[in-house]
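# Working through the structure, step by step
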Amino acid sequence: MSRLDIKAPSKADEVVDQLYRSMEQRIAASPPGLCPVDMALNFVNLCRAQTCGKCVPCRIGLTQLDNMLREVLDGDPAPHILHRIEETAQTIVDTADCAIGINAGQLVLQGLAGFRDDYEEHIRHHRCLCTVKIPVPCVALCPAGVDIPGYVALVHDGRCADAVRLIRKDNPFPSACAYICEHPCEARCRRHMVDDAVNIRALKRYAVDNAGNVPQPACAPATGKKVAVIGGGPGGLSAAYYLSLMGHKVTVYEKRKALGGMLRYGIPDYRLPRHILDQEIQSILSLGIEVKTEVDVGTDIWLERMMEEYDSIYLSIGAHTDKKTGIEGENSRGVMSAVEMLRSIGDGNMPDFTGKQVVVIGGGNVAMDVTRSSLRLGAAKVTCVYRRRKEDMTALPEEIEGAEAEGAELLTLQAPLRIECNETGTAVALWTQPQIMGEMDNRGRPRPGAAAVEARRIPADVIVVAIGQGVETSRLEYAGVVVKRGGTLLAGSDTKLPEMEGVFAGGDCVTGPATVIRAIAAGKAAAANIDEYLGYHHEITADVTVPAPHFSDLRPRGRVNSTQRDPRERTGDFKCIECGLTCEEATQEASRCLRCDHFGYGIFKGGREETW
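The text that follows walks through the structure, step by step, so that each part is easy to find. (Residues numbered from 1 in each chain as written. Predicted model: local features only at pLDDT ≥ 70, side-chain atom pairs only at ≥ 80, totals over all residues. Heavy atoms only, no water.)

Along the chain, the regular secondary structure elements total 24 helices and 16 strands. Expected size for 612 residues packed as a compact globule is a radius of gyration near 25 Å; at 27 Å, the chain falls within 12% of this value. Expressed along its principal axes, the backbone C-alpha trace of the chain runs to roughly 85 × 65 × 55 Å. With 612 residues in all, the chain has 52% of them scored as buried. Considering only residue pairs separated by 6 or more positions, the chain has 71% of its internal contacts joining residues 24 or more positions apart. In the structure as shown, the chain presents an accessible area of about 29,000 Å², 50% of it carried by carbon and sulfur atoms. (Helix = DSSP H or I, 4+ residues; strand = E, 2+ residues; numbered from the N terminus. Rg over C-alpha atoms; globule rule 2.2 N^0.38 Å. Buried < 20%, exposed > 50% of the residue type's maximum accessible area, 1.4 Å probe, protein only. Contact = heavy atoms within 4.5 Å. Areas by Shrake-Rupley, 256 points an atom, 1.4 Å probe, with all protein chains shown as cover.)

Here it is as structure tokens:
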């Protein structure tokens, strides 16, 4: 009889693994709008199943939490139930024998802090606060609320021009977003439960590439009202677009010599070709929008005077100032900011990095943009230095992978220490302190700390600082605009500025540096609120009929991903690196959409918002 057997996965083990994968997919696809108390109960039960049950806090405490949460959901809770839930969860955190039990108690405490009003609504009125009008997940997670299932269905039927018209109802930059949007809409796509999220951005790209020239809709009759938009970026132009459709006379003031904001001065050509951006901006301006470039509000014209001249003003100035690292030698020759570098490229003044060693400090999308641009500018070697781990980088995974494929070196867990200069004051190297990961911060990322290792010297001819941007608010503050401690304007979700009649603000100057689609969403909201302020209630519609679902692809099927040009070829120029989908690929990918808009999800019950 043998003493030991070679362990091999059994059929049961394989089935369990598949069940775990299916559960992971369903958790990943959990959309907004689910009852948070019910979700907390399910998480508690999952945690209870995962603990060993040897210590009393886990074995008894998690069972008690389960019972109390069921009382809240069943509508007949005992008095002071929330206090008991909180006390029990805290006891588990304080007394559990291992981190698994501690984390289970923390999940409940986080839920109590995050959605206590939902608990109270269940206790007092025996109902959930979840709104009855929440849209399907992809639409809910799109900041601009674009009708995504609608245009995906139109792409499937080959109606690309109609798809563009439907997108423009909520987003006047379909082409720009088709190329560079971070596609938050895909995060909770219900297709995750079957195989993988629908490639929504690629389908938008196919629509704009194959729609031809799609004329803008006619504007409403002129209202005689005048609106000034300060800032010609995606947010400002979006507000100008919708206000013009509503019949108001709009003038855009832009500090730079060309419109586009960070679309032009923050995103390189290889991601968003300039002729695509120029065509889209010209299409928006065709509505009759007046433009005044190279005008600096606060220097060339005063906000107070504009308030007298215009019926309303929208501030959308963006985040165009750089942030400093504060390390020794940062002001040396050869050190530049990412904002400075990308602005120069946007104006067509290409820096010459031929044969140079370039070091980039940062881990976001902007850091990846300057890293990959440096390679295209002739750098012999490009090194991106980041103080956290690769998985903690805020850049999109595809941007990081693209930079590495093109030959960039990624040095993680290296915190900038100082910049070494030669006798002429020119930077020659970046010194970094190796890091070791520690406890989690409030965003769920482990904090880096100095490791007991000697500092590292990284030779450099050029050092680019890409650690974030700020908003220039001093002149606006002088004019009476309230500025928060973080250097952003004080405006609520309604985009109104307090104590400034008729003045609205949105985008990066309110939220800090964010995505293009969020700036567009702010411009859309501001346009609607300015229209109401001026005494109107114009409706923005799209005269497009969305086809009924076909459901030709219900079985699990692989996602169609966009391809890119060969890394060895694309680093030699600034031409677009991404290839669009073929007709066959677009049709197949569009057929994967489950059409939640038609059959409904939760309490949505089908249908779509025709106006906003």
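And the narrative resumes.
This part takes up the packing of helix 3 (residues 56-74) against helix 4 (residues 81-95). When two helices pack together, you describe them by how their axes are tilted relative to each other and by the distance separating the axes. Where helix 3 meets helix 4, the axes come as close as 10 Å, and the angle between the chain directions of the two elements is 160°. Between helix 3 and helix 4, the angle falls in the class roughly antiparallel. Where helix 3 crosses over helix 4, the handedness of that crossing is left-handed. Each of Pro-57, Gly-61, Leu-62, Gln-64, Leu-65, Met-68, Leu-69, Glu-71 and Val-72 in helix 3 lies in contact with helix 4, whose residues at this interface are Ile-81, Arg-84, Ile-85, Thr-88, Ala-89, Ile-92 and Thr-95. (Axes fitted to C-alpha atoms, helices over the stretch in contact; angles between N-to-C directions. Parallel < 35°, antiparallel > 145°, perpendicular 65-115°, else oblique. Left-handed = near helix turned anticlockwise from the far one by under 90°.)

Next up on the list: unusual backbone geometry. One non-glycine residue, His-183, adopts positive backbone phi at about 40°. Considering the arrangement of structural elements, one finds His-183 in the loop between helix 10 (174-180) and helix 11 (200-210). A relative accessible area of 17% places His-183 in the buried class. Of note in this structure, Arg-595 is not a glycine but carries a positive phi near 55°. Secondary-structure assignment places Arg-595 in the loop between helix 23 (583-591) and helix 24 (596-599).

Before going further, it helps to spend a moment on the layout of surface pockets. In this structure, the second largest pocket spans a volume of roughly 530 Å³. Around the second largest pocket, the lining is made up of 24 residues, and of these His-183, Arg-201, Glu-398, Arg-559 and Glu-578 lie nearest the centre. Within the residue set of the lining of the second largest pocket, elements represented by two or more residues are helix 10, helix 11 and helix 18 (397-405). Of the residues that constitute the lining of the second largest pocket, the class distribution is nine nonpolar, six polar and nine charged. (1 Å grid on protein atoms, 1.4 Å probe; cavity = no way out; pocket = protein on both sides within 12 Å on 5 of 7 lines; lining within 4 Å. Points joined across faces, edges and corners; volume = space filled by probe spheres on them. Nonpolar A, V, L, I, M, F, W, Y, C, P; charged D, E, K, R; others polar.)

In this section: empty space enclosed by the protein. Think of a ball as big as a water molecule: rolled over the atoms, this probe shows where empty space is left. Per the counting criterion, the structure on display carries eight cavities of 30 Å³ or more. Estimates place the volume of the largest cavity at around 130 Å³. Lining of the largest cavity is provided by 14 residues; of these, Cys-138, Cys-189, Cys-593, Leu-594 and Cys-596 occupy positions nearest its centre. Listing elements by their share of the lining of the largest cavity, those giving two or more residues are helix 7 (137-141) and helix 8 (148-156). The element that contributes the greatest number of residues to the lining of the largest cavity is helix 8, accounting for three residues. Partitioned by chemical class, the residues of the lining of the largest cavity number eleven nonpolar, no polar and three charged.

With respect to the secondary-structure elements, Arg-485 resides in the loop between helix 19 (474-478) and strand 16 (503-505). Looking at Arg-485, the relative accessible area reads 88%, which means it is exposed. Along the sequence, Arg-485 and Gly-145 sit 340 residues apart, while their C-alpha atoms lie 30 Å from each other.

Time to look at the pattern of salt bridges. Once their charged atoms are close, side chains differing in charge can pair, the charge on each being opposite to the other. Within this structure, the stated rule accounts for 32 salt bridges. Across the pair Glu-186 and Arg-559 runs a salt bridge, and its minimum N-O distance is 3.1 Å. Note that Glu-186 is positioned in the loop between helix 10 and helix 11 and Arg-559 in the loop between helix 21 (516-533) and helix 22 (567-570), a separation of 373 residues in sequence. With a relative accessible area of 23%, Arg-559 lands in the partly exposed category. A salt bridge links Arg-205 to Glu-578; the nearest nitrogen and oxygen atoms lie 3.4 Å apart. Within this pair, whereas Arg-205 is found in helix 11, its partner Glu-578 is found in the loop between helix 22 and helix 23, the two being separated by 373 residues in sequence. Residue Arg-205 shares its accessibility class with Glu-578, and that shared class is buried. Residues participating in the shared-partner salt-bridge network are Arg-271, Asp-369, Arg-372, Arg-376, Glu-399, Glu-406 and Arg-570. (Salt bridge = Lys/Arg side-chain N within 4 Å of Asp/Glu carboxyl O.)

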